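Each chain is listed here by its residues.
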Amino acid sequence: MSWETWAAFTAASALLMIIPGPTILLVISYALGQGWRAAFPMAIGVALGDFTAMTLSMLGLGALLAASATVFTILKWVGAAYMIWLGIKLWRAGGALNAKPRADGASRLKMLGHAWIVTALNPKSIIFFVAFMPQFLNPQADFLTQMLVFETTFLILAFANAIGYALVASRARAAIRNERVVGAANKVGGSLLIGAGILTATARASQS
C-alpha cells in the first residue's frame, strides 16, 4: 500500500465520520444527559461496532474480489456515486440535530453496549463500507494486509471522533444544538464529500 493511498483513505474516513449519523446522535444524546462520563464508554462501543461492521464488509469484499474483478470495478463506480449522494444529502440536511438528552442513569457498560449494538447492527454501516472501501483497495496487493491497515486506521479515527463529539456535547451544549453551527458544518462537509466523490469518479475514469 502506498503512502498516498493510506493518506487519501484517512482523509476521506475522517471527513465521512464527521457526518452525524445514528451512532453520533446517540453519543451526543448520552453526553448531553450524562456529561463527560459518557465519552469513553461510548467511544469504545462505537469502535467495537465499527470493527464488527467493517470486518463483515471487508470479508464480503474479499470474496467478491476473488470471484469477479469486473463486478468489483463496477462497485467502485457505485461507491463514488454513493459519496456524491451522501454529500448532496448532507448539504440539504439543514441545521436540525435530533439529539435529545438522555436522563436515564445508564451505567458505563450499558452505554458501551448500546453504542456497539446501534453501530454494528445498523445496515447502513455495512452498506457504507461495501461502497466506500473498494475505492482504496488494490486488487494486486495482499488483501489481509490492506484489511488490517484500513481497519486499524478507521477504528482509531472512529474512537477519536466519538469521544470528540461526546466531549464537545458535554462541554459546549449550546453550540452542538445551535442550528446555524450545525447547518454550516453540514454544508461544508457536504461540499467536501461531493468533491471527494467527483475526484474519485474522475480518477476512476482516467484509469479505465
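Further up the page is the structure itself.
What you see is a predicted model, and the numbers here were worked out from it, not measured in a lab.

Details of the overall build of the protein chain
- Broken down by element type, the protein chain carries nine helices and zero strands.
- Put simply, the protein chain runs from its N terminus to its C terminus through helices and strands in the order α-α-α-α-α-α-α-α-α.
- For the protein chain, the proportion of its 208 residues judged to be buried stands at 44%.
- Contacts in the protein chain between residues at least 24 apart in sequence constitute 89% of all its contacts with a sequence separation of at least 6.
- Surface accessibility of the protein chain: about 10,600 Å² in total, with carbon and sulfur atoms responsible for 70%.

What about a nonpolar patch on the surface?
- Together, L48, W116, I117 and L121 line one region of the surface with nonpolar side chains, adding up to about 390 Å² of accessible area.
- On the secondary structure map, L121 appears in the loop between α5 (108-120) and α6 (123-132).
- Using a relative accessible area of 64% as the deciding quantity, one classes L121 as exposed.

Comments concerning the packing of aromatic side chains
- Per the counting criterion, the structure on display carries four aromatic pairs.
- Their ring planes at 35° and their centres at 5.2 Å tell us that W3 and W6 sit as a pair that is tilted. Note that W3 and W6 are positioned in helix α1 (residues 3-18) at a spacing of three residues, about one turn of the helix.
- Members of the aromatic cluster, connected to one another through ring pairs, are F9, F136 and F150.

Structural notes on the packing of α1 against helix α7 (residues 143-171)
- At a closest axis distance of 10 Å, the pairing of α1 and α7 adopts a crossing angle of 30°. Comparing their axes, α7 and α1 come out roughly parallel. In this structure, the crossing between α1 and α7 has a hand that is right-handed. Contacts from T5, W6, F9, T10, S13, A14, M17 and I18 of α1 reach α7 at V149, F150, T153, F154, L157, A158, N161 and Y165.
- Looking at the contact of α1 with α7 residue by residue, the class counts come to 11 nonpolar, five polar and no charged.

Criteria and thresholds
- Residues numbered from 1 in each chain as written.
- Predicted model: local features only at pLDDT ≥ 70, side-chain atom pairs only at ≥ 80, totals over all residues.
- Heavy atoms only, no water.
- Helix = DSSP H or I, 4+ residues; strand = E, 2+ residues; numbered from the N terminus.
- Buried < 20%, exposed > 50% of the residue type's maximum accessible area, 1.4 Å probe, protein only.
- Contact = heavy atoms within 4.5 Å.
- Areas by Shrake-Rupley, 256 points an atom, 1.4 Å probe, with all protein chains shown as cover.
- Patch = residues over 30% accessible without salt bridge, like charges linked within 9 Å, V, L, I, M, F, W, Y side chains within 5 Å.
- Salt bridge = Lys/Arg side-chain N within 4 Å of Asp/Glu carboxyl O.
- Phe/Tyr/Trp six-rings, centres within 6.5 Å; stacked < 30°, edge-to-face > 60°.
- Axes fitted to C-alpha atoms, helices over the stretch in contact; angles between N-to-C directions.
- Parallel < 35°, antiparallel > 145°, perpendicular 65-115°, else oblique.
- Left-handed = near helix turned anticlockwise from the far one by under 90°.
- Nonpolar A, V, L, I, M, F, W, Y, C, P; charged D, E, K, R; others polar.

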